[in-house]
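Below are the chains, spelled out letter by letter.
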Amino acid sequence: MKVWTGLGLAAAACLTLAAYGPGSVVTTQRLTNAGSEPGSWLTTGRTYGDQRFSPLKQIDRASVSKLGLAWHHEFDTDRGQEATPLMIDGVLYTSTSWSKVYAFDARTGRSLWSYDPKVDKRRGFSACCDVANRGVAVWEGKVYAAALDGRLTALDAKTGKVIWSKVTVDQSKPYTITGAPRVVKGKILIGNGGAEYGVRGYLSAYDGQTGKLVWRFYTTPNPKGKPDGAASDPILAGKAAKTWGGKIPASGGGGTVWESITFDPESNLVFFGAGNGSPWSAVHRSDGKSDNLFLSSIIAVNADTGKYVWHYQPTPDDNWDFDATQHLMLATLPIDGKPRKVVMQANKNGFFYVIDRATGHLLSAKNYVTTTWASSIDLKTGRPNETADGRYRDKPAVVSPAPYGGHNWQPMAFDPGRGLVFIPAMDVPQLYGVDANYKYREGAWNLGLDTAIWALPDDKAQRQAMKAMLKGELIAWDPIKQEARWTVQYPNFWNAGVMATAGGLVFQGDADGHFNAYDADNGKLVWSYETGNGVIAGASTYELGGQQYVAIMVGYGGAAPLAAQSLLPDRPRLPGRLLVFKIGGTDKAPAFPKPPERTLDLASLSSNGDAAAGKVTFHANCAVCHSLNASGHYLPNLRNTPMLQSPEALQAVVLGGALGDRGMVSFAKWLKPVDVENIRAYILGEARHEQTESK
Ligand code: CA
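Residues numbered from 1 in each chain as written. Predicted model: local features only at pLDDT ≥ 70, side-chain atom pairs only at ≥ 80, totals over all residues. Heavy atoms only, no water.

## A look at the overall build of the protein chain
Right, on to step 1. Along its length, the protein chain carries 10 helices and 37 strands.
Right, on to step 2. When its C-alpha atoms are laid out on the principal axes, the protein chain stretches across 80 × 60 × 50 Å.
Right, on to step 3. In the protein chain, which comprises 695 residues, the proportion classed as buried is 63%.
Right, on to step 4. Considering only contacts within the protein chain whose residues lie at least 6 apart along the sequence, 62% involve residues at least 24 apart. (Helix = DSSP H or I, 4+ residues; strand = E, 2+ residues; numbered from the N terminus. Buried < 20%, exposed > 50% of the residue type's maximum accessible area, 1.4 Å probe, protein only. Contact = heavy atoms within 4.5 Å.)

Put into structure tokens, the structure is as follows:
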């Protein structure tokens, strides 16, 4: 697309400015030239390169101390808030958990409209990592939003009324959508999640005006050998299918495209990441010795046709939940004296990759956190040098990184002046072990791993020692030298996405409830605001009437707090909030109400169940949402629930589906009354243990 270089770019910028003002629309031109609108935040990564860097500098290292709340809004959802707000022509657009969409006056916070797709809460069961939503896209007077149940909807940007809505998945299967749609040349690109359960991943492109499907790229070959696009097309079918050892799971093999989708107007390529294998265990998925394309791969396709151009697979034959779906960021870096156009990723597997974006050729790779599954990457072949025990073939092994990743969906940021990528990183090990008795269970979690070994030690000191090993970091990474320039250490590992500005600042929220600003040169904390809740989303910034604002969605949740509450801050579930800051802001957000005290009288309760058996059943079925050792506070705190009061009360929920409208589906397909009573015995034991410890 040479038309947008050189003089063409300048002409386009003038046109853009002429069209600027309330009621104007976001054209393809404006999106392509988003970098020429410093005051706007037009698309989730601000510009197509997804650098999440703003040229605004009114808020800088000197003035940031005067940053105060300009306005706030409290939402009616209390799960993880992961969206990055957009700001276009004075309107702020954002989305919340349960896929709700909001438009505000970006100056005052006055609510303009909201849209609730009314997702059936039962769908929440199929969301591995919370019922989150990471944002919306805007184009030609429409706001595009994806719902957890697989719908892609075009809303009127002025009113929030539905213009068209399409179901993008087979809703009889455990697909979900949590990612933000991307607009590329009038097409709306959207993927989906579900690889923890057993689905087949793909990326779709819909016509933005009509909602008609234009192309689809499947990331795994059709299990029946049918040529149905991309990994199954007549040419690639042979290539991709050969990497499955003759065995592609009927459930689809995973590879879901649930987060990063990046467009490069210059090469007309779309880059996206495919997720983990399904099941996680490679020996249960195919033959345990084949690459399984395109699982855990970075893929480049033609934006117009969806045709395959190149791929790079950071984790061949994924065995650890190493999705390659993290932030794919474009930049031009001086490498060996030449400007190289690259795509960069801090992969879940702990390595930072710099790839030539025209060819997919790996330029460099280095670990940015501890990696014990592989020692290094062979730059000739692009393949990891795996360690002897990394694949935990014969016995369980502690491996780094954990399935949370060295870096997960939380967006990075790039400061082009300083040449630094800011990575919201995690240094977390995990005990991995194969479940020798694994059988596929339709619709349920399908990992192929022994989950009972994840239960935490009963001893409090041992648990605390374990917690102390888990590190959260903000790393300023030099992608050319492939080394850290500076690192901020956090007390907890699941922190927020990052934004950088020309004010020399790096903004990041944390698990402990702060929204922080750091000096981009050295990582020194220069400002911090207590939000009262955990923060996981990435911020955005914009300018209106000569005033710079910073917007952040606040609400703790996502994979780690659901699955491992006891290793993270002891925090109740709180309503999500949007906080918007400016220099001299004087708004005050009220304190959150205190969490309820323990109400369950444990002394009066008993169970004939087998707590040891319950522990195994709990970790195989419940722990991913209710946390290891039933320590979760989110869905809800099982150690203090009236459901424990009788065997019947718990069975009504677990087998009868009494709380289906809150997302707790019936487990009658998988569990019997005796299993539920064993679980009850186990949770009662954990609750008593906690009570004794806190005395
Ligand atoms: Ca995954």
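## Observations concerning the state of the cysteines
Right, on to step 1. Applying the stated criterion to the full structure yields 1 disulfide.
Right, on to step 2. What pairs with Cys128 in a disulfide is Cys129, and their sulfur atoms sit 2.3 Å apart. Disulfide Cys128-Cys129: the torsion about the S-S bond is -105 degrees, which places it as left-handed.
Right, on to step 3. Note on Cys129: relative accessible area 29%, which makes it partly exposed.
Right, on to step 4. No disulfide involves Cys622; its sulfur sits 9.2 Å from that of Cys625, the nearest cysteine.
Right, on to step 5. The cysteine Cys625 is free of any disulfide, with Cys129 supplying the nearest cysteine sulfur at 8.7 Å. (Disulfide = S-S within 2.5 Å.)

## Points about the coordination of the calcium ion
Right, on to step 1. Donor atoms from the polypeptide that bind the calcium ion are Glu196 (OE), Asn276 (OD1), Asp321 (OD), Asp323 (OD) and Asp323 (OD), placed at 2.3 to 3.0 Å.
Right, on to step 2. Written as a sequence motif, the donor residues of the calcium ion are E-x79-N-x44-D-x1-D. Of the two residues, Asp321 and Asp323, neither departs from the other in class, the shared state being buried. (Donors = N, O, S within 2.8 Å, 3.2 Å for Na, K, Ca; no water.)

## Considerations on helix H9 (residues 647-654)
Right, on to step 1. For H9, the full list of buried residues reads Leu650, Val653 and Val654. Down the axis of H9, the buried side of the element spans an arc of 90 degrees, and every buried residue falls inside it.
Right, on to step 2. Its buried side turned inward, H9 meets helix H10 (673-694). (Arc of directions from axis to C-beta.)

## What to know about the environment of Ala589
Right, on to step 1. Positionally, Ala589 belongs in the loop between strand S37 (577-583) and helix H7 (611-621).
Right, on to step 2. The sequence separation of Ala589 and Glu74 amounts to 515 residues, and the corresponding C-alpha distance is 8.9 Å.
Right, on to step 3. Apart from the residues lying within four places of it in its own chain, the contact partners of Ala589 are Leu69, His72, Tyr529 and Arg577.

## Points about the packing of aromatic side chains
Right, on to step 1. Scanning the entire structure with this criterion turns up 42 aromatic pairs.
Right, on to step 2. Summarising the aromatic geometry, the rings of Trp527 and Phe581 are spaced 5.3 Å apart at their centres and angled 80 degrees between planes, so their arrangement reads as edge-to-face. Of this pair, Trp527 sits in strand S34 (residues 525-530) while Phe581 sits in strand S37, and the two are 54 residues apart along the sequence. For the pair formed by Trp527 and Phe581, the shared burial category is buried. (Phe/Tyr/Trp six-rings, centres within 6.5 Å; stacked < 30°, edge-to-face > 60°.)

## Observations concerning the sheet that holds strand S13 (residues 202-207)
Right, on to step 1. In space, the 4 strands of this open sheet follow the order S11-S12-S13-S14, with antiparallel pairing throughout. Across the chains shown, the open sheet's two edge strands, defined by having one partner strand only, are strand S11 (182-184) and strand S14 (213-218). Neighbour to neighbour, the strand axes of the sheet diverge by 25 degrees on average, direction disregarded.
Right, on to step 2. Where strand S12 (residues 187-190) meets S13, 4 bridges bridge the pair, whose relative direction is antiparallel. Note that in S13 the partner of Ile190 across the bridge is Ser204. (Pairing = 2+ DSSP bridges. Axes fitted to C-alpha atoms, helices over the stretch in contact; angles between N-to-C directions.)

## Re the environment of Gly657
Right, on to step 1. Within the secondary structure, Gly657 is located in the loop between H9 and H10.
Right, on to step 2. Overall, the relative accessible area of 18% leaves Gly657 in the buried class.
Right, on to step 3. Considering only alpha carbons, one finds Gly657 and Ser604, 53 residues apart in sequence, at a separation of 26 Å.
Right, on to step 4. Setting aside chain neighbours within four positions, we find Gly657 in contact with Ala652, Met664, Val665 and Ser666.

## Side note on the domain arrangement of the protein chain
For interface size, the figure often reported is the accessible area lost on association.
Right, on to step 1. Partitioning the protein chain into structural domains gives domain 1 (17-583) and domain 2 (602-694).
Right, on to step 2. In this structure, domain 1 and domain 2 have C-alpha centres spaced 32 Å apart.
Right, on to step 3. Every contact between the two is made by 30 residues of domain 1 and, on the other side, 28 residues of domain 2.
Right, on to step 4. A combined buried area of about 2,700 Å² lies between domain 1 and domain 2, and 55% of that area is made up of carbon and sulfur atoms.
Right, on to step 5. For the pair domain 1 and domain 2, the interface holds 1 salt bridge.
Right, on to step 6. The interface formed by domain 1 and domain 2 includes 13 residue pairs in polar contact (both at pLDDT 80 or more).
Right, on to step 7. Looking at the side of domain 1 that touches domain 2, the elements with two or more residues in it are helix H5 (460-469) and helix H6 (559-563). (Domains from an automatic or database assignment. Buried area = accessible area lost by both parts, 1.4 Å probe. Salt bridge = Lys/Arg side-chain N within 4 Å of Asp/Glu carboxyl O. Polar contact = N/O pair within 3.5 Å; in protein donor to acceptor, adjacent residues only side chain to side chain.)

## Some details on the pairing of S12
Right, on to step 1. Residues Lys187 and Leu189 of S12 are buried on one face, and the alternating residues Ile188 and Ile190, pointing to the opposite face, are buried as well.
Right, on to step 2. Pairing geometry for S11 and S12, over 3 bridges, is antiparallel. Within S12, the position partnered with Val183 by the bridge is Ile188.
Right, on to step 3. Between S11 and S12, which follow one another and run antiparallel, lie 2 residues, and Lys185 among them has a positive phi close to 50 degrees.

## A closer look at the pairing of strand S22 (residues 362-367)
Right, on to step 1. Bridge count for strand S21 (residues 351-356) against S22 is 5 bridges, and the pairing is antiparallel. Across the sheet, Tyr353 pairs through a bridge with Ala365, a residue of S22.
Right, on to step 2. Hairpin connection from S21 to S22: 5 residues lie between these consecutive antiparallel strands, with Gly360 at a positive phi of about 80 degrees.

## Here's the deal with unusual backbone geometry
Right, on to step 1. The omega torsion of the bond from Ser278 to Pro279 falls at -5 degrees, within 30 degrees of zero and hence cis.
Right, on to step 2. By the secondary structure assignment, Pro279 is in the loop between strand S16 (269-273) and helix H4 (282-285).
Right, on to step 3. A cis amide bond links Leu293 with the next residue in sequence, Phe294, at an omega value of 0 degrees.
Right, on to step 4. Tracing the sequence through the fold places Phe294 in the loop between H4 and strand S17 (298-302).
Right, on to step 5. Positioned with a positive phi, Asp50 is a non-glycine residue whose angle comes to about 60 degrees.
Right, on to step 6. Looking at where Asp50 falls in the secondary structure, it is placed in the loop between helix H2 (28-32) and strand S1 (53-54).
Right, on to step 7. You will see that Tyr392, though not glycine, has its phi angle at about 35 degrees, which is positive.
Right, on to step 8. Note on placement: Tyr392 falls in the loop between strand S24 (384-386) and strand S25 (397-399).

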